[in-house]
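Descriptive analysis of the structure
For reference, the chains in residue letters:
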Amino acid sequence: MPLTLHFSTSFINPKDSKSLRTPDVFSGTICFAQIKPSCRLRAKNSLQEVELLHGKTISTEGSNTERRVQLHELTSAHIVNDSKVPVFVMLPLDTITLGGHLKKPRAMNASLMALKSAGVEGVMVDVWWGLVEKDGPLKYNWEGYAELVEMVQRHGLKIQVVMSFHQCGGNVGDSCSIPLPPWVLEEISKNPDLVYTDKSGRRNPEYISLGCDMIPVLRGRTPVQAYTDYMRSFRNRFRKYLGGVIVEIQVGMGPCGELRYPSYPESNGTWRFPGIGEFQCYDKYMKSSLGASAEAIEKKEWGKSGPHDSGHYNQFPEDTGFFRRDGTWNTEYGQFFLEWYSGKLLEHGDRILLAAKGIFQGTGAKLSGKIAGIHWHYRARSHAAELTAGYYNTRYRDGYLPIARMLSKHGVVFNFTCMEMKDGEQPDSANCSPEGLVRQLKVATRTAGVELAGENALERYDAAAYGQVLATSKSDSGNGLSAFTYLRMNQRLFEGDNWRHLVEFVKCMSGGRKTRLSELDSTGTNLYVGHIREKNVKKTNEAALV
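Keep in mind that this is a model prediction, so the values were computed, not measured.

1. Brief notes about unusual backbone geometry
- Residue Phe273 is joined to Pro274 through a cis peptide bond whose omega torsion reads 5°.
- One can find Pro274 in the loop between strand 10 (246–251) and helix 7 (284–296).
- Along the chain, Leu487 connects to Arg488 via a cis peptide bond; the corresponding omega equals 5°.
- Topologically, Arg488 is positioned in the loop between strand 14 (481–486) and helix 13 (496–511).
- Unusually for a residue other than glycine, Leu138 sits at a positive phi of about 70°.
- The topology assignment puts Leu138 in the loop between helix 3 (129–132) and helix 4 (143–154).

Structure, rendered in structure tokens:
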């Protein structure tokens, strides 16, 4: 018997989107179908076209044959998924406004309903330090996030929260600007060495330098103490949701929330793909640590500065003395420097995760840490781009096993990006191998006994990307994925073909059995999100669950 759900929704004028920095959140009505175990989708849909915020209309008319062909493009072979892999969807970066409120709650409610209908496990959201503690030290405003968590719970979804101690803006995919808390920026203006610095003296305000982790530079608190207080306040505010609705805490440990140095900043055109990046060890705290380490092995001259021959952001390995085939990276000095540089990063992650473990242990929520998928110049001997980011991974050294073991020590999930990428999609000149990198990560995490979860690095809606994630989720060459988080929920995701691809992908990830995608939708899928043209129209809609 069909179950009919009536709801009333107020919609936002599409023209209002012009004032936004990003069109990530849409407003609309939803007609959806429940996904049955047979994998056949049927839906009653009173709307015959998808009307998007900017007036773009996509017809839902089309032959079943065409739809089956589109779905078949996900893969031409059978897919074997060893076990269910829950799929989460990242929410827009600006889900919470600068004023601390949930942005467009009616639109978010509609979006969550659609995601639930598609069978996703839940959503992920950045919990920005720059929003929550912006009014002053220890003054936290969690109310916008509380409204979101309650809404997620009402829809029967789960949520992964990211403790985002970095700024938003200046990197791939950043569509809005959320700086560090104003009082932190004030301290940085007084002491610019609080942030990472390159050899030319460029300061990067994305994240506080790990060189001052244990120094009370934030009005009497160390950065690690500030992060700890923030996480403790979150736990106290959301205690009743932890382990139930809030299933994972991803602990930010660097720019973009990743455990790395900001070696490839896109802001102001500083870095462009596939440049090697630059070492970020020139603030006074990092230089002091380097000097002490060199003096400890009686090589004082090695501690005066970073490598002098490491080139510039947009060079290639062979253009430099340090990263070329038989360069300085493979000398005694190079090994000393890279061990120090990567070791400092590991110590930083260890400190923060130790604090997080002490706070969230026993709550039922998993902890995770994110590692960047730096796949360019992976085929070169030196792996230059990985080295500048702090991953001491070369042709002769596994740089990810130490990271995996550090995460394993704290029971933290290893979250990795670029799961959707194929080697053949990359430019030959960049020596990329995202597939090789993922294979290495799968072996390293299995060896260390740590769970592996994944994300896509770039926004992708095509069948090839979904098919690659399905392939990498298997455990035939190391760890399989324990979860996958899709980047990201926005207007384009709900367009006809994009939406159908997501639905089929979610089903295959959760199927746990041999399935041919071309057989999943023999009658054609009619699962859409429709939008209302008129400004602030209130209309009663029916969502029929078949």
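Structure's up, so let's keep going.
2. Considerations on the pairing of strand 10
- When you tally the buried positions in strand 10, you get 5 out of 6 residues, the bulk of the element.
- With 3 bridges connecting them, strand 10 and strand 11 (residues 366–371) associate as parallel partners. Within strand 11, the position partnered with Glu248 by the bridge is Lys366.

3. Description of the pattern of salt bridges
- Evaluated as defined, the whole model comprises 25 salt bridges.
- A salt bridge links Asp229 to Arg221, with the shortest nitrogen-to-oxygen separation between them at 2.8 Å.
- We note a salt bridge from Asp423 to Arg379, for which the minimum N-O separation is 3.0 Å. Here Asp423, found in the loop between strand 12 (412–416) and helix 11 (434–448), pairs with Arg379, found in the loop between strand 11 and helix 9 (384–389); they are 44 residues apart in sequence, far enough to count as distant.
- Among the residues examined, Arg379 registers a relative accessible area of 44% and is labelled partly exposed.

4. Some words on the environment of Trp271
- For Trp271, the location among the structural elements is in the loop between strand 10 and helix 7.
- What makes Trp271 buried here is its relative accessible area of 4%.
- As for Trp271 and Tyr313, which are separated by 42 residues in sequence, their C-alpha atoms are 5.5 Å apart.
- Those residues within four positions of Trp271 in sequence are excluded, and the remaining contacts are Tyr264, Pro265, Glu266, Ile276, Gly277, Tyr313, Asn314 and Trp376.

5. A look at the packing of aromatic side chains
- Enumeration according to the criterion identifies 37 aromatic pairs in this entry.
- The interplanar angle of 80° and the centroid separation of 4.9 Å between the aromatic rings of Phe322 and Phe323 together place this pair among those described as edge-to-face.
- Sitting over the face of the ring of Phe238, Arg237 holds its NZ or CZ atom 5.4 Å from the ring centroid.

6. What about the nonpolar core?
- Ranked by size, the top nonpolar core spans 142 residues in total, and within it Trp129 and Ile249 carry the most contacts.
- Take this core: its biggest share by element is 13 residues, from helix 8 (residues 332–360).
- Other than its neighbours up to four places away in sequence, Trp129 contacts Lys134, Ser164, Phe165, Leu180, Pro181, Trp183, Val184, Ile208, Leu218, Ala226, Tyr227 and Tyr230.

Calculation notes
- Residues numbered from 1 in each chain as written.
- Predicted model: local features only at pLDDT ≥ 70, side-chain atom pairs only at ≥ 80, totals over all residues.
- Heavy atoms only, no water.
- Helix = DSSP H or I, 4+ residues; strand = E, 2+ residues; numbered from the N terminus.
- Buried < 20%, exposed > 50% of the residue type's maximum accessible area, 1.4 Å probe, protein only.
- Pairing = 2+ DSSP bridges.
- Salt bridge = Lys/Arg side-chain N within 4 Å of Asp/Glu carboxyl O.
- Contact = heavy atoms within 4.5 Å.
- Phe/Tyr/Trp six-rings, centres within 6.5 Å; stacked < 30°, edge-to-face > 60°.
- Lys NZ or Arg CZ within 6 Å of the ring centre and 35° of its normal.
- Core = buried A, V, L, I, M, F, W, Y, C linked by side-chain atoms within 4.5 Å.

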